[in-house]
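Descriptive analysis of the structure
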Amino acid sequence: QVNNIIVEEFDHVGGIIRGLNDASYMAAISRAALEDMIEEKFPILDKVRAIHSSKNIPITLSMGFAVYDESLKNQGERARSCLDLSLGRGGDQVTVYDGEQMRFFGGKTSSQEKGTRVRARVVSQGIRELIQHAGNILIMGHEREDYDSIGGAIGVSVFGRIDQKPVKIIVSSQTNAIERLSDVLPRDPLIQEMIISPEEAESLVDENTLVFVVDVHRPDMVAAPKVLEKANLVVVIDHHRRASNFIEEPSITYLEPASSSTCELVTELIQYYDENVRLSEVEASALYAGIVVDTKNFAVQTGSRTFDAASYLRRSGANLDVVRQLFMESFDSIKLQSDIMSQAERIGPFAYASCPPGIPNASVVCARIADLLITIDGVEASFVTYYRPDDSIGVSARSQGKVNVQVIMEMLGGGGHRTVAGAKIEGMTEVAAKTAIINAAKEAVRSEESSEKEK
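Predicted, not measured: the structure shown is a model, and the values here were computed from it.

Parameters and conventions
Residues numbered from 1 in each chain as written. Predicted model: local features only at pLDDT ≥ 70, side-chain atom pairs only at ≥ 80, totals over all residues. Heavy atoms only, no water. Pairing = 2+ DSSP bridges. Helix = DSSP H or I, 4+ residues; strand = E, 2+ residues; numbered from the N terminus. Contact = heavy atoms within 4.5 Å. Axes fitted to C-alpha atoms, helices over the stretch in contact; angles between N-to-C directions. Buried < 20%, exposed > 50% of the residue type's maximum accessible area, 1.4 Å probe, protein only. Parallel < 35°, antiparallel > 145°, perpendicular 65-115°, else oblique. Nonpolar A, V, L, I, M, F, W, Y, C, P; charged D, E, K, R; others polar. Phe/Tyr/Trp six-rings, centres within 6.5 Å; stacked < 30°, edge-to-face > 60°. Lys NZ or Arg CZ within 6 Å of the ring centre and 35° of its normal. Polar contact = N/O pair within 3.5 Å; in protein donor to acceptor, adjacent residues only side chain to side chain. Left-handed = near helix turned anticlockwise from the far one by under 90°.

Before going further, it helps to examine the sheet that holds strand β10 (residues 233–238). Taken in spatial order, the six strands line up as β8-β7-β6-β9-β10-β11 in an open sheet, and their pairing is parallel. The two strands at the open ends of the sheet, each matched to only one other strand, are β8 (195–196) and β11 (252–255). Note: β10 against β11, four bridges, orientation parallel. Counted as the bridge partner of V236 is T253 from β11. Relative to the sheet, helix α11 (residues 262–273) contacts β9 (209–214), β10 and β11, its axis offset from that of β10 by approximately 115°.

Right under this line is the structure:
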């Protein structure tokens, strides 16, 4: 059935297509045919998705297109890269490279959790080989680190501890997550000594330095971009859907969009790294906190492997009392959230609110408000804007699952997951940003509804 649909689709537009194996094809079409497909937003994706296997599992199709004035060899390599990008973003979508930019279509289904941990074991073994040959290890997440980023970094430091390698964790100056961890979790001098600034890290990079990047894969979003530029060996561990700008030529990439959090991925890797590994209370609690924050207390983006990882961390000594304290809020914070919530608007199936300028930790406050708005009956997606230090506008977006906020945020230059996403909007007023957000949300809903009707 899949083969018939694919062959008929490309035959209809006057193209040629040949099967490479049971699951892969190579095709050539005219630019005009590609433009027609783009205008119709690739209905072939919906046709293939409507087919179900014997186990009632939906089948998805992913494609990569390249069209620009270079050699056929370069076009073929670029098309293959586009296909890898589509698959890295969770599949069920098309990536088109037109010589200037990447464009994405589809991506309407949620990523399916993989039942096997074979890849985790293989990646863990590959990481150990790199670490054993490395001189020192640097670990960093994204700027303005959250608990998943910090927890993942602390978890990766376990690898270096086991093989007795010098390890440092790079932390940007724009976060309060590490301060809360230091205040609430039991004092651990080893972890305190590992934390350094991006400026300190630059002098530690040499040809034998192994750099781990966790909870992010875009080079412009890491805590220490200059360290990344100087590093020869890089390992990327992330759970976000792949963006068009990816860290160049990492030694190992472990990207699992179906996973709940980076801390879940790191926890699995730890279990396969060494059979005698023992986590400290701080390490186990930091990893557990990362899973809790990204799953909203195990309410979203969870699978059986999420609970397996959490169970392992509890057995390893994760302290739930101190983790709970990490998420306690002050009276003033709750009052501020209530004031902003009282000004929120209901726009059809969407809820919108804005945070006034000058609010400390505005990104954290707005993320919590977005989480609260999505719990309102009848609200399918929530959007909360705030002013960033560079005068751009940040957006926190949440969804119940029916509306794909990741696609909406990508329209605005951001990204994330189907249910949790964000964006940075530059060159717009708050009013203009609100209009752009709502228009993008309505367009995404219309596209989803039209696809359902075609089925």
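Looking now at unusual backbone geometry. A positive phi is found at R144, a non-glycine position, where the angle reads about 55°. Note that R144 resides in the loop between β6 (136–140) and α6 (147–162). Positive phi is not limited to glycine here, since D391 has a value of about 75°. Residue classification places D391 among the exposed positions, given a relative accessible area of 67%.

Before going further, it helps to examine the packing of α11 against helix α12 (residues 281–295). Interhelical geometry of α11 versus α12 gives an angle of 140° and a closest axis separation of 8 Å. Between α11 and α12, the angle falls in the class oblique. Two secondary-structure elements touch here, α11 through C263, E264, V266, T267 and I270 and α12 through A286, L287, G290 and I291. Residues belonging to the contact of α11 with α12 are distributed by class as follows: six nonpolar, two polar and one charged.

Our next topic: the packing of aromatic side chains. A complete count under the given rule lists seven aromatic pairs for this structure. Centroid distance F159 to F212: 6.4 Å. Interplanar angle 50°. Geometry classified as tilted. Here the residue F159 occupies a position in helix α6, and F212 occupies one in strand β9, the gap between them amounting to 53 residues. When sorted by exposure, F159 lands in the same class as F212, which is buried. Following the ring pairs from residue to residue traces out a cluster consisting of F42, F65 and F105. Stacked on the ring of Y97, the Lys or Arg R78 has its end atom at 4.1 Å from the ring centre.

Attention shifts here to the sheet that holds strand β15 (residues 393–399). Overall, mixed pairing links the six strands, which are arranged β12-β13-β14-β15-β17-β16 in an open sheet. Edge positions in the sheet fall to β12 (345–347) and β16 (415–416), since each of these pairs with one other strand and no more. One ladder, built from seven bridges, connects strand β14 (residues 381–387) with β15; its direction is antiparallel. By the bridge assignment for β15, F383 is matched with A397. Across the face of the sheet, helix α16 (residues 362–373) comes into contact with β13 (350–354), β14 and β15 while running at roughly 160° to β14.

Turning to the side chain of R128, a few remarks are in order. Structurally, the position occupied by R128 is in helix α5 (residues 118–133). A polar atom in the side chain of R128 sits 3.1 Å from the side chain of D274. With residues near it in sequence (within four places) discarded, R128 still touches I162, D163, Y273 and D274.

This part covers the packing of α11 against helix α13 (residues 304–315). Think of two packed helices as two axes; the pair is described by the angle between the axes and how far apart they sit. Between α11 and α13, the least distance of the axes is 9 Å, while the angle of their chain directions is 60°. With respect to the hand of their crossing, α11 and α13 are arranged in left-handed fashion. Between α11 and α13, the contacting residues are E264, T267, E268, I270 and Q271 on the first element and R305, T306, A309, Y312 and L313 on the second. Classifying every residue of the contact of α11 with α13 gives four nonpolar, three polar and three charged.

Structural measurements only, silent on function.
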